[in-house]
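A closer look at the structure
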Amino acid sequence: GIITRTIENPKLPDRLRNKLKDSIDVALARIDLKCSLEYWLRDDHGRPITLTTLQLFWLDFIRYAHEEVMVPIIFCAMVTGKSSILTGIIAFEIGQNPDILEQLICSTDKPAELRGIAIKSILGSPHYKKVFPRITPDLTTQKWTSHELLVERSKADTTQEIRRDTQGDSGSIDLTLACYGITSGALGS
C-alpha cells in the first residue's frame, strides 16, 4: 500500500524513513501483543527479540484458552522463553488497561523475584514507555519492589498490583498466570 511505497521510496531520507517506520511499529505495538513484544522485549545484548515459532504458538494458545475460559498450561524445556513471554503478557496487559489486577504465581520466592525484576525492567524501559507512555509507577506507596508493583490507575483511590507469591487470594484478580519451571528429572525417566 501507500505506506510501504512511502517507506521504500529511495528519495525519502533515511532519518525520515526510520522515524516513519518506528511510528508505525509503535502504533501496532499499542494494539497487538505480538508486535508489542517484538518492539520492546530485548535480548541480553539489548537488541529487539524476534518471537520464535514456538513462542507465537504459545501466544495463540493462551489467547484461545482465555477466549474459551480455559486455563492454558505450557510444559516446555528450560530456556525456551516461557518466562519472558509471561512477563511480556503481563506488561502488555498493564499497558492496555492499568485498572485490571494481575498476579503471577511462581513456585518459590527466587523465580518470583526474578519475574518481578523483569516486569519492573520492562515497565521502565524506553521502548515500553514509547508504546505505553501513561504507565508510571505509583510512588505514593511503598509497593515498587520485586514482589509487588503498583502503577498509577485511572481510578482515584486504587492501584495496579502485580503479586508474586504462592499464597494469595485470587478472588479479585482479573488475570492470573503461573510460571513453574520443570526439569527433566521432574518428568520421570
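1. Quick look at the overall build of the chain
If you tally the helices and strands in the chain, you get seven helices and four strands. Taken from N to C terminus, the helices and strands of the chain fall in the order α-α-α-α-α-β-α-α-β-β-β. Of all intrachain contacts in the chain linking residues separated by at least 6 positions in sequence, the fraction that spans at least 24 positions is 62%.

2. Considerations on the confidence of the model for the chain
When pLDDT is averaged along the chain, the result is 78; 78% of the residues meet or exceed 70. At the level of individual helices and strands, the chain shows its lowest average pLDDT in strand β3 (residues 159-163), which scores 41, and its highest in helix α7 (residues 126-131), which scores 94. This stretch, residues 182-189, has a pLDDT under 50; its non-local contacts, to residues over four places away or in other chains, come to five contacts.

3. Considerations on the packing of aromatic side chains
Inspection of the entire model under this criterion finds four aromatic pairs. Both rings, one in F57 and one in F61, keep their centres 6.3 Å apart while their planes meet at 10 degrees; by these two values the pair is stacked. With F57 and F61 both in helix α4 (residues 53-67) and four residues apart, the pair spans about one turn of that helix. Among the residues examined, F61 registers a relative accessible area of 29% and is labelled partly exposed. Pairing F92 with F132 gives two aromatic rings, centres 6.0 Å apart and planes at 70 degrees, and the pair type is edge-to-face. Here F92 is found in helix α5 (residues 82-96), whereas its partner F132 is found in the loop between α7 and β2 (148-152), with 40 residues between them in sequence. Neither F92 nor F132 differs from the other in exposure class; each is buried.

4. Describing α5
Given a rise of 1.5 Å per residue, 15 residues ought to cover 21 Å, and the 21 Å separating the end C-alpha atoms of α5 matches this to within 8%. Within α5, 11 of the 15 residues are buried, which leaves it mostly tucked inside the rest of the structure. Regarding α5, the residues found buried are K82, I85, L86, T87, G88, I89, I90, A91, F92, I94 and G95.

5. A closer look at the side chain of Q55
As for its position among the elements, Q55 is in helix α4. Under the relative-accessibility criterion, Q55 is labelled buried at 9%. Here the side chain of Q55 touches T80 through a polar contact of 3.1 Å, landing on its backbone oxygen. With near-sequence residues (within four places) excluded, Q55 lies in contact with T50, T80, G81 and I85.

Rules and cut-offs
Residues numbered from 1 in each chain as written. Predicted model: local features only at pLDDT ≥ 70, side-chain atom pairs only at ≥ 80, totals over all residues. Heavy atoms only, no water. Helix = DSSP H or I, 4+ residues; strand = E, 2+ residues; numbered from the N terminus. Contact = heavy atoms within 4.5 Å. pLDDT = per-residue confidence, 0-100. Phe/Tyr/Trp six-rings, centres within 6.5 Å; stacked < 30°, edge-to-face > 60°. Buried < 20%, exposed > 50% of the residue type's maximum accessible area, 1.4 Å probe, protein only. Expected span 1.5 Å × (residues − 1). Polar contact = N/O pair within 3.5 Å; in protein donor to acceptor, adjacent residues only side chain to side chain.

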